[in-house]
Amino acid sequence: MRRSRLFVSLIAACGMATSSTTAHAEAADGPPTGPVDAQNVTWLTHTDTPSSVTGLAFIDYPGRHDSDVMFGNGPFGLRAWSLADPRHPQQIGDLPASVLALPGDDVSKGFWEGEHLQVDPRRKLVFVTRDPRAFGGDKQTGTSGIYLVDAHDPRHLRLIGFHEEPGGHTSQCINDCHYLWSGGPSHTGTGDQPPDWQGQPSWVTDVSQPNHPYTFPTPVDLHRNDGVTDYVHNTDVDAAGVAWTSGAGGVRGYWTTGAHFDPVQGRVRFATAVDPIPYAGGKIISPNDPVYTFDHNAWHPLRSIGGFAPGELLFVTDEDFGDTCTDSGRLLIVSLKGSYGGEGWRSTPDHPFRLTVVGDWGPVGSPGEQPNADCSAHFFAPLPGVGDGNILVQAFYGQGTKFIDFSNPRHPVQVGYFFPKDSEAAVPAYHDGLVYAAQYSDGIDVLRFTPPGR
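Residues numbered from 1 in each chain as written. Predicted model: local features only at pLDDT ≥ 70, side-chain atom pairs only at ≥ 80, totals over all residues. Heavy atoms only, no water.

### Side note on the nonpolar core
Selection criterion: Nonpolar cores were defined as sets of buried Ala, Val, Leu, Ile, Met, Phe, Trp, Tyr and Cys residues, with membership established by side-chain atoms within 4.5 Å. For every residue, the accessible area obtained with a 1.4 Å probe (protein chains only) is divided by the maximum for its type, and the residue is called buried under 20%, exposed over 50%, and partly exposed between those limits. Think of it this way: any DSSP run of H or I at least four residues long counts as a helix, any run of E at least two long counts as a strand, and we number them from the N terminus. Here, two residues are considered to be in contact whenever any of their heavy atoms come within 4.5 Å of each other.
Of all hydrophobic cores here, the largest spans 22 residues; its most connected members are Phe71, Leu78, Phe111, Val126 and Leu157. Secondary structure elements with two or more residues in this core: strand 3 (55-60), strand 4 (68-74), strand 5 (77-82), strand 6 (90-96), helix 1 (97-100), strand 8 (125-130) and strand 9 (145-150). Each residue touching Leu78, except ones within four places of it in the same chain, is listed here: Phe71, Gly72, Asn73, Gly93, Asp94, Leu95, Leu117, Val126, Val128, Val149 and Leu157. The next biggest cluster of nonpolar side chains, apart from the first, holds 20 residues, and it includes Leu44, Leu83, Tyr397 and Ala426.

Following this line, the structure appears as structure tokens:
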């Protein structure tokens, strides 16, 4: 989520910090979009799109020439690119926004917005979320829901249908994509949202039969903000299958399968996608803004990092558009210690529970900082196997794409960045050793990151 879609004009590479180095294109016919500034990054190419790219996902097609395919969506609709040459994606499929339009939609206003694009690699399905602001709508009167797309042949994408449901800003596959959890935005006209809700929670949709999806009448992750049902922006699933919901009021994790002790009900029971079991999490107070508590997305590694217990740390995007970079959103690293007994579910304004922030990072003072540009944090992706395995890549809107080393979780540091002139970073994806950096300005940049000292 972001508060505006202003196209920010930024300074050229010659005005950057002297500690940076200019990126170069690996191919002679390299990126067409002009000067870039970067550190420890090789810029391989730029793939143009008609507008911003808000989500990326990948499906493998064994035995085909186009065996590795990248999908991306944005106001233009949905596209597919062959990664036969992973350094230079080639578009092979297109589902234009006009195909996604419903009766009464204004196609000229574009599709909104499909953040956190989801795919089912086994059934070759793509799930595209529709925010109520799509095609000129607004949060109160627009239509939200999910488009189900058949991608068995990525060269001929086929729209199976549209399913209306209240949570249309993002979706996440749950339990091997048999279900979707969809959340956001705040108050919407879909779903008869009760007046005491401050935003949409997570709505559960059964997509086991793509031609007949079904959304359950009762959502999950209610009462998340000190007892008040509030905006769930995004859900992320960790390697153990725990689903982590991020939004207004913090980040909370849930078991969605298996038998587990429910710390809220005080008994062992079976978890399902419709009736999950609380695991850990709670509200987070960002060091730079104690009032604005909106968490955009999260990642829960199961291993030990920097001396913390295995699985203790949670990485969180604090999305906050402050007046300056200093008071804008950051990457937060928090400890889950003390939250495994349901504390985050019993928190109230009179008896609050808060997770401890052990470290945080923002672009202020780092090489490549852009003056007078949005500094808030957005989606990130870990880079497994790169360097010592403790590096992630994160979009910071007008500050570009940043590479952050969290080997010391208390003091994460920047170890690389990528910034093309007149750009605004949206979401990075790490795939087979390369970073695909989607831009709100337009297109996708393909990057190779080399850790310092390599």
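Moving on from the model shown.
### Thoughts on the environment of Ala80
By secondary structure assignment, the location of Ala80 is in strand 5. Taking the C-alpha atoms as reference points, Ala80 and Leu56, 24 residues apart in sequence, are found 9.8 Å from one another. Residues within four places of Ala80 in sequence aside, it is in contact with Val69, Met70, Phe71, Gln90, Gln91, Ile92, Gly93, Pro154 and Leu157.

### Some words on the sheet that holds strand 26 (residues 391-395)
Sheet strands line up and pair through hydrogen bonds in the backbone, either parallel or antiparallel. Selection rule: Pairing between strands is defined by DSSP: at least two bridges between the two strands are required. Between N-to-C directions, angles cover 0 to 180 degrees, with each direction set by a line fitted to C-alpha atoms, over the stretch in contact for helices.
Spatially, the five strands line up as an open sheet ordered 1-28-27-26-25, and their pairing is antiparallel. The sheet is open, and its two edges are formed by strand 1 (36-39) and strand 25 (380-382), each paired on a single side. Pairs of neighbouring strands in the sheet enclose a mean axial angle of 15 degrees, with direction left out of account. Strand direction decides the pairing type here: strand 25 and strand 26, joined by three bridges, are antiparallel.

### Observations regarding the sheet that holds strand 15 (residues 232-237)
The mixed open sheet is built from eight strands, whose spatial order is 15-16-17-20-24-23-22-21. The sheet is open, and its two edges are formed by strand 15 and strand 21 (295-299), each paired on a single side. Taking each pair of neighbouring strands and ignoring which way they run, the sheet shows an average axis angle of 30 degrees. Sheet topology places strand 16 (residues 243-247) next to strand 17 (residues 250-255); five bridges connect them, and they run antiparallel. The residue of strand 17 that forms the bridge with Ala243 is Tyr254.

### Quick notes on the state of the cysteines
The cut-off we apply is this: Two cysteine sulfur atoms form a disulfide, by the criterion used here, when they sit within 2.5 Å.
Applying the stated criterion across every chain, the model contains two disulfides. What pairs with Cys173 in a disulfide is Cys177, and their sulfur atoms sit 1.9 Å apart. Between Cys173 and Cys177 the disulfide shows an S-S torsion of about 85 degrees. By sign, it is right-handed. Neither Cys173 nor Cys177 differs from the other in exposure class; each is buried. Numbered by position along the chain, the disulfide-linked cysteines of the protein connect as 1-2, 3-4.

### Remarks on the side chain of Asp445
The line we're drawing: Under the counting rule used here, the positive set is Lys and Arg, the negative set is Asp and Glu, and His together with the chain ends is not counted. Salt bridge criterion: a side-chain nitrogen from Lys or Arg within 4 Å of a carboxyl oxygen from Asp or Glu.
Locating Asp445 in the fold gives a position in strand 31 (residues 444-449). Although buried, Asp445 forms no salt bridge, and the nearest oppositely charged side chain, Lys421, lies 14 Å from it. Filtering out sequence-adjacent residues up to four positions away, Asp445 remains in contact with Trp43, Thr45, His46, Phe418, Pro420, Val435, Tyr436, Ala437 and Gln439.

### A short note on the pairing of strand 3
Strand 3 sits mainly inside the fold: five of its six residues count as buried. Bridge count between strand 3 and strand 4: six bridges; the pairing is antiparallel. If you follow Ala57 over to strand 4, its bridge partner there is Phe71.

### Comments concerning unusual backbone geometry
With an omega of -20 degrees, the peptide bond between Trp112 and Glu113 qualifies as cis. One non-glycine residue, Asp176, lies in the positive phi region at around 60 degrees. Relative to the assigned elements, Asp176 resides in the loop between strand 11 (170-174) and strand 12 (179-183). Residue Asp176 is classed as exposed on the basis of its relative accessible area of 65%. A positive phi angle, close to 50 degrees, is found at Tyr397, a residue other than glycine. Considering the arrangement of structural elements, one finds Tyr397 in the loop between strand 26 and strand 27 (401-405).

### As for the pattern of salt bridges
Overall, the coordinates contain 17 salt bridges when judged by the stated rule. A salt bridge links Asp85 to Arg87; its shortest N-O distance comes to 3.4 Å. Judged by relative accessible area, Asp85 falls into the partly exposed class, the value being 28%. On the basis of relative accessibility, which here comes to 33%, the residue Arg87 falls in the partly exposed class. Here Asp226 ties to Lys283 by a salt bridge, and the two come within 3.3 Å at their closest N and O atoms. One end of the pair, Asp226, is in the loop between strand 14 (214-215) and strand 15; the other, Lys283, is in strand 20 (residues 277-284), and 57 residues separate them in sequence. The class for Asp226 is buried, based on a relative accessible area of 11%. Through salt bridges with shared partners, one network takes in Asp221, Arg224 and Arg252.

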